[in-house]
Number of protein chains: 2
Amino acid sequence: MEKNNKLAAPSHIQLPPGLRFHPSDEELIVHYLTNNVASIPLPASIIAEIDLYKYNPWDLPKEEWYFFTPRDRKYPNGARPNRAAASGFWKATGTDKPILTSFGTKSIGVKKALVFYEGRPPKGYKTDWIMHEYRLPDTIAWTPNRKGSMRVSSS
Amino acid sequence: MEKNNKLAAPSHIQLPPGLRFHPSDEELIVHYLTNNVASIPLPASIIAEIDLYKYNPWDLPKEEWYFFTPRDRKYPNGARPNRAAASGFWKATGTDKPILTSFGTKSIGVKKALVFYEGRPPKGYKTDWIMHEYRLPDTIAWTPNRKGSMRVSSS
């Protein structure tokens, strides 16, 4: 797939004035990502579905927004994710953070922080763009688990 | 009007998970209060219309919520507001704060902080309940300006 084409930015989902989408990690996993992965209707049409890795972060709408995106693999039979994106790549930073329910210790998802680098690995230079990837736990077997919900922002 | 009756709490307006109503002062005045006073449809049905002075703050739904409410006067021909409420009264604190547009110095509204006292004036004891009253500027002549938009919270 050609990933270096300049694509038009996905259209922005408009909210009425004063309303903001600020889900907790738990709300994002329980009410949005789980439903999306299982093809169950969502409580609100507020998260755009795009292939995020086709874009540079600055081509995405808004300073901070949420997206559903497919997760690609580097090798068909491997577990390593492919994080190349348009004119650069996303690189994980820090450790995976388990998302727990507010009432217990059960892990319902995983949150990972990534930084955008311009250029090609192993080179490339770091930018101020940060993305948080939310995915379901790898132990959930009823889904190929190749979708994530992402929050992109500029620090 | 009998104001000491215990009234049922107004029903809570439910938002989809992750969506919060956090308007700026300007958004509240421009998109909600102005429309409500002029009977123009609102961008979203998110602010309950109640007579807030019939309630004690702890009988209202949620820890923090927005309401449209009529403003009562102490004397029919006077300007002093009547702020008696259920088993107490609201008392202004600090000075009125003009709400300016983000692009200029024009005042589009006034914000006032009030504290709830239990009992009857001049006595009564102070509680932790705070309300912010938003009203249109007194110079806007096309409306009797007897409505306000209120944000109630517990400090």
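Worth saying up front: this structure is predicted, and the values here are computed from it rather than measured. (Residues numbered from 1 in each chain as written. Chains lettered and ligands numbered in written order. Predicted model: local features only at pLDDT ≥ 70, side-chain atom pairs only at ≥ 80, totals over all residues. Heavy atoms only, no water.)

Q: Which parts of the structure should I look at to understand the packing of aromatic side chains?
A: Centre-to-centre distance and the angle between the planes together describe a pair of aromatic rings. Residue and element names in this part refer to chain A. Throughout the structure, instances matching the rule amount to 10 aromatic pairs over all chains. With 5.6 Å between their ring centres and 85 degrees between their planes, W58 and F116 make a pair best called edge-to-face. Here W58, found in the loop between strand 2 (48–49) and strand 3 (65–70), pairs with F116, found in strand 8 (residues 107–118); they are 58 residues apart in sequence, far enough to count as distant. When its relative accessible area of 36% is taken as the criterion, W58 is described as partly exposed. Members of the aromatic cluster, each reached through a chain of ring pairs, are F21, Y32 and Y66. A cation over an aromatic ring shows up here: K91 above the ring of Y117, its NZ or CZ 5.4 Å from the ring centre. (Phe/Tyr/Trp six-rings, centres within 6.5 Å; stacked < 30°, edge-to-face > 60°. Helix = DSSP H or I, 4+ residues; strand = E, 2+ residues; numbered from the N terminus. Buried < 20%, exposed > 50% of the residue type's maximum accessible area, 1.4 Å probe, protein only. Lys NZ or Arg CZ within 6 Å of the ring centre and 35° of its normal.)

Q: Sorry, what's going on with the pattern of salt bridges here?
A: It is possible for side chains of opposite charge to pair when their charged atoms get near one another. A full pass over the atoms with the stated rule returns 14 salt bridges over all chains. A salt bridge links E27 of chain A to R20 of chain B, with the shortest nitrogen-to-oxygen separation between them at 2.6 Å. Here R20 of chain B lies in strand 1 (residues 19–21) and E27 of chain A lies in helix 1 (residues 25–37), a pairing that spans two chains. A residue is classified by how much of its surface remains accessible, and E27 of chain A, at 18% relative accessible area, is buried. (Salt bridge = Lys/Arg side-chain N within 4 Å of Asp/Glu carboxyl O.)

Q: Teacher, can you tell me more about the interface of chain A and chain B here?
A: Often the size quoted for an interface is simply the accessible area lost on bringing the parts together. Counting from both sides, the interface comprises 16 residues of chain A and, opposite them, 16 residues of chain B. Here chain A meets chain B over a buried area of about 1,200 Å², counting both sides, of which 62% is carbon and sulfur. Where chain A touches chain B, the interface holds two salt bridges. Seen at the junction of chain A and chain B, the total is nine residue pairs in polar contact (both at pLDDT 80 or more). Of all elements in the fold, only strand 1 (19–21) and helix 1 of chain A reach the threshold of two or more residues within the side of chain A that touches chain B. Of the residues assigned to the side of chain A that touches chain B, the class counts are 10 nonpolar, four polar and two charged. Across three bridges, the pairing between strand 1 of chain A and strand 1 of chain B is antiparallel. Residue pairing in the sheet places R20 of chain A in a bridge with R20 of chain B of strand 1 of chain B. (Contact = heavy atoms within 4.5 Å. Buried area = accessible area lost by both parts, 1.4 Å probe. Polar contact = N/O pair within 3.5 Å; in protein donor to acceptor, adjacent residues only side chain to side chain. Nonpolar A, V, L, I, M, F, W, Y, C, P; charged D, E, K, R; others polar. Pairing = 2+ DSSP bridges.)

Q: Got a minute to help me understand the relation of the copies chain A and chain B in this structure?
A: The operation relating the two chain copies consists of a rotation about an axis and a shift along that axis. The two copies are related by a screw operation: chain A maps onto chain B through 180 degrees of rotation and 0.1 Å of translation along the axis, at an RMSD of 0.0 Å. This pairing of chains is accounted for by a two-fold axis. Measuring from the rotation axis to each C-alpha of chain A, the shortest distance belongs to R20 of chain A, at 2.7 Å. The share of interface residues of chain A whose copies in chain B are also at the interface is 100%, consistent with both copies meeting through the same surface. (Least-squares fit on C-alpha atoms with pLDDT ≥ 70 in both.)

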